[in-house]
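Residue-level listing of the chains:
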Amino acid sequence: MSVHPSSNIKRITTHILQEMKGRGEKITMLTAYDFSMAGIIDAAGIDIILVGDSASNVMAGHETTLPITLDQMIYHASSVVRGVRRAFVVVDIPFGSYQGNSSEALRSAIRIMKESGAHAVKVEGGAEIKESVTRILSAGVPVMGHLGLTPQSIYKFGTYTVRAKEEEEANKLLEDAKILEESGCFAIVLEKIPAKLAKKVAETVSIPVIGIGAGGDVDGQVLVVHDMLGITQEFKPRFLRQYADLRGMMTQAVEDYVKDVKAKDFPNQSESY
Ligand code: KIV
């Protein structure tokens with residue numbers, strides 16, 4: 001167990017996450033892409049921070065996660081790491097930086113770990129990326145898997161609807177989960193699949209299973225922070241619980257500022273030198 005050098009805060013590790021599954025304690029995970037947000041959610045007690053390639057959507061405004069580059073992910077990840085004292089930081093290896101072959105996957109993982117200071121990487125897929133997972137792990141880098149709706153494959157799926165509703169796809173997903181576990185992944189994200197299937201996966205594999213749109217019978221939950229804080233608009237899937245209306249609050253604050261400046265009310269005397 002490691003301790004943050006400038007405090008007595010015990011850092012979350014893969015070992016602690018495994019223990020949490022063992023005692024039935026739910027694991028909390030949120031995304032973050034910058035220093036300030038990472039600092040807030042870390043101090044609020046989140047267990048895992050995912051520097052997701054959803055940065056491509058919520059930070060850069062792209063329609064999909066495909067355009068974000070390895071350099072851009074490393075920039076976001078290093079900003080997050082500087083804001084975190086306790087949480088375990090996982091970084092998505094972006095589309096095109098690991099699918100080619102296992103050497104490319106290893107090179108990308110090493111760049112992320114070396115240049116950002118993060119604690120683990122995440123990759124999408126099952127059997128087809130087994131060799132890459134093994135290779136990354138051989139360098140001592142913990143790997144989180146991601147099955148179900150894998151956004152890097154959106155053009156193969158053609159839609160963002162629930163995956164693995166049919167038996168064949170459900171069986172493949174369960175097999176892929178076992179392969180990821182056998183390959184040495186420390187956890188698996190399951191995105192947008194039937195709750196019953198997610199429960200079966202969580203009961204079958206011994207590693208933590210973190211769900212997003214996968215029901216409550218898994219070992220933990222993850223959401224995109226901009227969605228749960230109500231910063232994004234229009235994205236309101238059934239699985240999303242919105243915990244705040246930050247977009248409304250921020251809009252109001254900016255409108256008030258504009259009004260005050262226009263009215264020559266800001267700055268007043270006590271706000272001037
Ligand atoms: O990129 C991301 O934010 C993710 C989560 C949705 C799990 O992969």
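All figures in this text were calculated on a predicted structure; none of them were measured in a lab.

Trainee: Help me out: how do you make sense of the site of the ligand in this one?
Mentor: Lining the immediate surroundings of the ligand are Thr31, Leu50, Gly52, Asp53, Ser54, Asp92, Lys122, His146, Val189, Glu191, Ile212 and Val224. Here an oxygen atom of the ligand sits 2.5 Å away from a polar atom, N or O, in the side chain of Ser54. Separating an oxygen atom of the ligand from a side-chain N or O atom of Lys122 is a distance of 3.0 Å. Expressed as a share of its isolated accessible area of 260 Å², the protein-covered part of the ligand is 95%.

Trainee: Quick question: what am I supposed to make of the sheet that holds strand 3 (residues 88-92) here?
Mentor: Sheet strands pair via backbone hydrogen bonds, and the direction of the pair is either parallel or antiparallel. With parallel pairing, 8 strands are arranged side by side around a closed barrel as 1-2-3-4-5-6-7-8. Sheet twist, expressed as the mean angle between neighbouring strand axes with direction ignored, is 25°. Sheet topology note: the strand 6 (residues 187-191)/strand 7 (residues 209-212) ladder contains 4 bridges and is parallel. By the bridge assignment, Glu191 is partnered in strand 7 with Ile212.

Trainee: Would you mind showing me how to read the nonpolar core here?
Mentor: The tendency in soluble globular proteins is for nonpolar side chains to be buried as a group. By size, the foremost hydrophobic cluster in this structure holds 61 residues, and its most contacted members are Ile49, Val121, Leu190 and Val201. Apart from the residues lying within four places of it in its own chain, the contact partners of Leu190 are Leu147, Leu173, Ala198, Val201, Val209, Ile210, Gly211, Ile212 and Ala214. Counting 18 residues, the second largest nonpolar core, distinct from the first, contains Ile27, Val90, Ala187 and Val222.

Trainee: Got a minute to help me understand the packing of aromatic side chains in this structure?
Mentor: Applying the stated criterion to the full structure yields 3 aromatic pairs. Seen in terms of ring centroids, Phe88 and Phe186 are 5.4 Å apart; in terms of plane orientation they differ by 75°. Their pairing is edge-to-face. Taken together, the residues span a long stretch of sequence, with Phe88 in strand 3 and Phe186 in the loop between helix 8 (167-183) and strand 6 at a distance of 98 residues. Each ring, one from Phe235 and one from Phe239, has its centre 6.5 Å from the other, and the planes form 70°; the classification is edge-to-face. The ring centre of Phe157 lies 3.9 Å from the NZ or CZ of Arg163, which sits over that ring.

Trainee: What's the story with the pattern of salt bridges in this structure? I'm lost.
Mentor: Pairs may arise between side chains of opposite charge once their charged atoms sit close together. Under the definition given, this model contains 11 salt bridges. Asp219 is paired through a salt bridge with Lys21; the nearest N and O atoms lie 2.9 Å apart. Note that Asp219 is positioned in the loop between strand 7 and strand 8 (220-223) and Lys21 in helix 1 (residues 14-23), a separation of 198 residues in sequence. For Lys21, a relative accessible area of 16% puts it in the buried group. With its nearest N and O atoms 3.1 Å apart, the salt bridge here joins Asp47 to Arg86. With Asp47 in the loop between helix 2 (35-43) and strand 2 (48-51) and Arg86 in the loop between helix 4 (70-83) and strand 3, the pair connects residues that are 39 residues apart, well separated along the chain.

Trainee: I would appreciate a short explanation of the pairing of strand 1 (residues 27-31) in the present structure.
Mentor: Consecutive residues of a regular strand have side chains that alternate between opposite faces of the sheet. Counting buried positions along strand 1 gives 4 out of 5 residues, so the element sits mostly inside the fold. Pairing of strand 1 with strand 8 involves 4 bridges; the strand directions are parallel. In the strand pairing of strand 8, Ile27 is matched with Gly220. Where strand 1 lies against strand 2, 3 bridges are found, and the strand directions are parallel.

Trainee: What am I meant to see in the UniProt feature "binding site: Mg(2+)" (unreviewed entry) in the protein here?
Mentor: Those places that UniProt annotates as "binding site: Mg(2+)" (unreviewed entry) correspond, in this numbering, to Asp53, Asp92 and Glu124. These annotated residues cover 72 residues of sequence, but their C-alpha atoms sit close together, with the largest distance between any two at 11.0 Å. Positionally, Asp92 belongs in strand 3. Owing to a relative accessible area of 2%, Asp92 belongs among the buried residues under this scheme. Not counting residues up to four positions away in its chain, the partners in contact with Asp92 are Leu50, Val51, Gly52, Asp53, Met73, Ile112 and Lys122. Locating Glu124 in the fold gives a position in strand 4 (residues 120-124). Judged by its relative accessible area of 7%, Glu124 is buried. Here Glu124 is in contact with Asp53, Tyr98, Ile129, His146, Thr150, Pro151, Gln152 and Ser153, once residues within four sequence places are set aside.

Trainee: Help me understand a nonpolar patch on the surface, please; the structure alone is not making it clear to me.
Mentor: Nonpolar side chains collect at one region of the surface, where Val254, Tyr257, Val258, Val261 and Phe266 lie side by side and expose about 430 Å² of accessible area between them. With respect to the helices and strands, Val261 occurs in helix 11 (residues 246-262). Taking relative accessible area as the criterion, Val261 reaches 37% and is therefore assigned partly exposed.

Trainee: Can you walk me through helix 11 in this structure?
Mentor: Owing to its 3.6 residues per turn, the α-helix aligns residues three or four sequence positions apart on the same side. An ideal rise of 1.5 Å per residue puts 24 Å on 17 residues; helix 11 measures up with 24 Å between its terminal C-alpha atoms. After helix 11 finishes, the residue Lys264 shows a positive phi value of roughly 60°.

About the thresholds
Residues numbered from 1 in each chain as written. Predicted model: local features only at pLDDT ≥ 70, side-chain atom pairs only at ≥ 80, totals over all residues. Heavy atoms only, no water. Near = heavy atom within 4 Å. Polar contact = N/O pair within 3.5 Å; in protein donor to acceptor, adjacent residues only side chain to side chain. Areas by Shrake-Rupley, 256 points an atom, 1.4 Å probe, with all protein chains shown as cover. Pairing = 2+ DSSP bridges. Helix = DSSP H or I, 4+ residues; strand = E, 2+ residues; numbered from the N terminus. Axes fitted to C-alpha atoms, helices over the stretch in contact; angles between N-to-C directions. Core = buried A, V, L, I, M, F, W, Y, C linked by side-chain atoms within 4.5 Å. Buried < 20%, exposed > 50% of the residue type's maximum accessible area, 1.4 Å probe, protein only. Contact = heavy atoms within 4.5 Å. Phe/Tyr/Trp six-rings, centres within 6.5 Å; stacked < 30°, edge-to-face > 60°. Lys NZ or Arg CZ within 6 Å of the ring centre and 35° of its normal. Salt bridge = Lys/Arg side-chain N within 4 Å of Asp/Glu carboxyl O. UniProt positions renumbered as here; feature names shortened; annotations may be inferred. Patch = residues over 30% accessible without salt bridge, like charges linked within 9 Å, V, L, I, M, F, W, Y side chains within 5 Å. Expected span 1.5 Å × (residues − 1).

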